[in-house]
Structures are given as C-alpha cells and as structure tokens.
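Here are the chains, one letter per residue:
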Amino acid sequence: MATTHTSRTVTEWPQLRVADWTDTRETLHMWTQIVGKVRLAHAPLVNHWWQVTFYVSPRGLTTSAVPHGTGAFDIEFDFLDHTLHLRTSDGGTRRITLESMPVADFHARVLRALEELDVPTTIQGHPNEIEPAIPFAEDYRHHTYDPRAAQLFWRQLLQANRVLGEFRSAFAGKVSPVHFFWGAMDLACTRFSGRSAPRHPGGAPNCGDWVMVEGYSRELSSCGFWPGGGDEGAFYAYAYPEPDGFADAPVAPSEAFYSPENGQFLLPYETVRGADDPDRTLSRFLYSTYEAAADRAGWDRAALEIDPERWNAVR
C-alpha cells in the first residue's frame with residue numbers, strides 16, 4: 001500500500017509573514033465570523049462565550065458538534081482540501097469550495113446550504129470587533145483566498161494548539177479549552193483564579209459592552225496566538241484585572257516585551273519559529289507570564305496547579 005510522507009518543514013513551525021497574506025486573512029476572518037455566528041445561533045450559552053468558539057482539527061478549524069433539534073451538525077474549514085464541510089447527524093452533507101469569492105457570496109452559500117440541510121439559521125448580519133463592520137450581505141471588498149496562506153496559518157495554529165494544550169494540562173483549576181475566537185481571530189487558553197472580577201468596561205468596536213462583561217466576569221490569566229503583533233504574528237499573555245507590577249515583571253525569553261498599546265506581553269512568532277527548541281521557548285513565555293500574573297494577584301497556586309505527569313509511573 002502506498003504511503004504519503006509529509007516534509008518535516010511543512011509539519012513543524014511554518015513561516016508566514018503577516019504582510020504577505022493581508023487580503024486573505026481579512027477575507028478568512030469574515031468567513032469565520034459567519035460560521036461562528038451560526039454556532040452562536042444554535043448553541044446554549046456557556047460561561048465566557050465558550051460555546052461559540054472553534055477548535056483546531058487535523059484538517060483545519062471545526063465548530064465541533066452543534067445541537068439542533070434532537071440531533072446535531074458541524075461545520076469545518078478544511079485547509080488541506082480547501083473545502084467548507086457542513087454535516088448533520090442524520091447523514092446530510094454539503095460542501096462549499098474555499099476559493100476567492102466575496103464575503104457576500106460566502107454568506108449566501110452558507111445560509112443556503114444550512115437551509116438545504118434543514119438547519120435554517122438567522123445570524124447577526126455584521127461582524128464584531130472590527131472597524132468598519134461591513135454587513136456580510138453587502139461585503140464585496142473582501143474576496144481573496146490564497147490556499148497556501150490559509151494552510152500555513154492553520155499549520156501555525158496546529159503548533160500553537162499543541163503547546164498551549166500541554167500548558168493547559170498543568171492546571172487543576174478552572175481553565176478554558178484551547179479554542180479559536182473568531183471575533184479577534186486568535187487561538188486562546190485561559191486560566192482562572194476562582195475569584196470574581198470587576199465589571200469590564202467594554203469598548204471593543206462593533207461589539208456590545210455586555211459581551212465583554214460576560215467574557216471577563218472572573219479573574220483570569222490568558223494566553224494565545226494571533227496573526228498580528230509581529231512580522232509573522234505573535235503570542236500574547238495578559239491578565240484581567242491586571243495586577244500592580246505585572247507590566248514590569250521579568251518574563252522569558254528575552255525577546256518578549258510588554259506592549260502598553262495592547263495591554264499584554266507579546267512574543268513574536270518568528271522568535272519561536274527560529275529558536276533551537278521552539279516548544280521550550282514558547283513554554284517559557286507561557287509559564288513566566290502566568291506566574292507574573294498569579295504571583296502579583298495572590299492566586300492560590302498550590303491549590304490550582306498540578307503535575308500533568310503524576311500518573312506516568314503507574315500507568
């Protein structure tokens with residue numbers, strides 16, 4: 001039987017300059033918002049809006065199973081075959097080829113495919129957390145899809161997802177999944193102290209303040225990756241509320257820095273990609289920024305942290 005081998009340089013930490021895929025990124029961002037709003041329309045509320053996110057899959061980004069009636073459906077961006085898959089638990093399927101097309105056309109095709117699958121859906125008709133917020137049905141400005149760039153972005157997410165997942169495993173307290181928020185187009189993982197937080201002031205563009213109030217209702221330390229903040233994107237880490245001294249805390253590696261404009265620590269993706277040990281470089285950033293937040297805010301670290309290898313000797 002023939003086998004297919006994939007180059008290590010493809011499967012590891014790929015290079016993708018932010019400036020080289022701006023048009024595709026902006027179009028894909030709108031496409032993910034449309035699909036994300038479909039999940040929002042059907043899934044019951046989970047704290048901090050966790051019910052609306054996507055997850056990194058072996059082929060792209062997926063909604064996972066979304067309840068509908070007595071069954072379920074899912075939608076997956078497949079960045080290997082460049083296809084949007086829509087599937088229902090009764091066996092129904094629809095496919096939309098991912099290729100250059102206006103957001104307005106993608107919006108129409110998705111809603112039509114859902115109708116054909118007996119999953120009629122009404123979504124909010126404009127994007128959030130961006131400016132300007134062109135209504136999806138009127139958006140002919142964003143229409144570019146470069147399949148190579150989209151696949152490289154997914155491969156960036158694939159690596160980030162893996163290391164963030166390992167970081168997540170060392171926390172016994174409340175912690176989010178590693179998930180993709182389509183509002184800001186970032187992959188995130190969030191740890192919580194167990195205490196409430198002051199009411200968030202909001203202020204995100206074209207997004208109700210109440211959305212941020214729900215998202216930041218508990219004291220947290222969050223980290224993730226987003227395709228901005230550096231030549232090839234950036235890893236980030238922040239705390240809410242931000243404790244005194246957090247911005248001045250020493251963190252690792254030395255290339256990491258606090259951005260007053262963004263209110264968070266940033267580590268350029270290219271620093272991680274070019275490191276002798278990218279996993280260790282990113283892990284140092286994740287742990288040092290979390291410790292900066294937890295120590296300065298007085299978290300009960302002994303109760304919240306756990307050894308992810310605690311059963312290795314007996315299993």
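Structure's up top.
As a starting point, this report considers the structure included with it.

So, how was this worked out
- Residues numbered from 1 in each chain as written.
- Predicted model: local features only at pLDDT ≥ 70, side-chain atom pairs only at ≥ 80, totals over all residues.
- Heavy atoms only, no water.
- Helix = DSSP H or I, 4+ residues; strand = E, 2+ residues; numbered from the N terminus.
- Rg over C-alpha atoms; globule rule 2.2 N^0.38 Å.
- Buried < 20%, exposed > 50% of the residue type's maximum accessible area, 1.4 Å probe, protein only.
- Axes fitted to C-alpha atoms, helices over the stretch in contact; angles between N-to-C directions.
- Parallel < 35°, antiparallel > 145°, perpendicular 65-115°, else oblique.
- Left-handed = near helix turned anticlockwise from the far one by under 90°.
- Contact = heavy atoms within 4.5 Å.
- Pairing = 2+ DSSP bridges.
- Disulfide = S-S within 2.5 Å.
- 1 Å grid on protein atoms, 1.4 Å probe; cavity = no way out; pocket = protein on both sides within 12 Å on 5 of 7 lines; lining within 4 Å.
- Points joined across faces, edges and corners; volume = space filled by probe spheres on them.
- Nonpolar A, V, L, I, M, F, W, Y, C, P; charged D, E, K, R; others polar.

Here we take up the overall build of the protein chain. Scanning the protein chain from N- to C-terminus turns up eight helices and twelve strands. In terms of C-alpha radius of gyration, the protein chain reaches 20 Å, essentially the compact-globule figure of 20 Å for 315 residues. When the backbone C-alpha atoms are referred to their principal axes, the protein chain occupies close to 55 × 50 × 45 Å. Burial status across the protein chain gives 53% buried among its 315 residues.

The geometry of helix 4 (residues 147–168) relative to helix 7 (residues 278–297) is characterised by a closest axis approach of 10 Å and an angle of 45 degrees between their N-to-C directions. Taken together, the axes of helix 4 and helix 7 lie oblique to each other. Taken as a pair, helix 4 and helix 7 cross one another with a handedness that is right-handed. Contacts between helix 4 and helix 7 involve Arg162, Val163, Leu164, Glu166 and Phe167 from the former and Asp279, Leu282, Ser283, Leu286, Tyr287 and Tyr290 from the latter.

Further remarks concern the sheet that holds strand 9 (residues 218–226). On the basis of which strands lie adjacent, the open sheet formed by six strands has the order 7-8-9-10-12-11 and antiparallel pairing. Two strands lie at the open edges of the sheet, namely strand 7 (179–181) and strand 11 (257–259), each paired on one side alone. Across the sheet, the mean angle from the axis of one strand to that of its neighbour is 35 degrees, orientation sign disregarded. Sheet contacts for helix 4: strand 7, strand 8 (186–196), strand 9 and strand 10 (234–240); angle to strand 9, the most-contacted strand, approximately 145 degrees.

This part covers the pairing of strand 4 (residues 71–78). Of all eight residues that make up strand 4, six are buried, and the element is covered over most of its length. Bridge count between strand 2 (residues 60–62) and strand 4: three bridges; the pairing is antiparallel. Pairing of Leu61 across the sheet is with Phe77, part of strand 4. Linking strand 3 (residues 66–68) back to strand 4 in an antiparallel pair, the connection comprises two residues, with Gly69 at a positive phi of about 60 degrees. Here six bridges tie strand 4 to strand 5 (residues 83–88), and the two strands are oriented antiparallel to one another. Its bridge partner lying in strand 5, Ile75 is registered against Leu86. The antiparallel pairing of strand 4 with strand 5 creates a hairpin that spans four residues between the two strands, and His82 there sits at a positive phi of about 55 degrees.

For the structure shown, the criterion picks out zero disulfides. The closest cysteine sulfur to the non-disulfide-bonded Cys189 is located on Cys223, 5.3 Å from its own sulfur.

A separate point is empty space enclosed by the protein. Going through the model one piece at a time under the given rule, you end up with one cavity of 30 Å³ or more. Its volume calculated, the largest cavity comes out at about 60 Å³. Contributing elements (two or more residues each) for the lining of the largest cavity: strand 8, strand 9, strand 10 and helix 7.

Orientation of helix 2 (residues 22–42) relative to helix 3 (residues 103–116), taken along the N-to-C sense of each, is 25 degrees, at an axis distance of 10 Å. When the axis of helix 2 is compared with that of helix 3, the two are roughly parallel. Once helix 2 is placed against helix 3, the crossing between them reads as right-handed. Where helix 2 approaches helix 3, its residues Thr27, Met30, Trp31, Ile34, Val35 and Val38 are matched on the opposing element by Val103, Phe106, His107, Val110 and Leu114. Looking at the contact of helix 2 with helix 3, its residues break down into nine nonpolar, two polar and no charged.

Keep in mind these values describe shape, not function.
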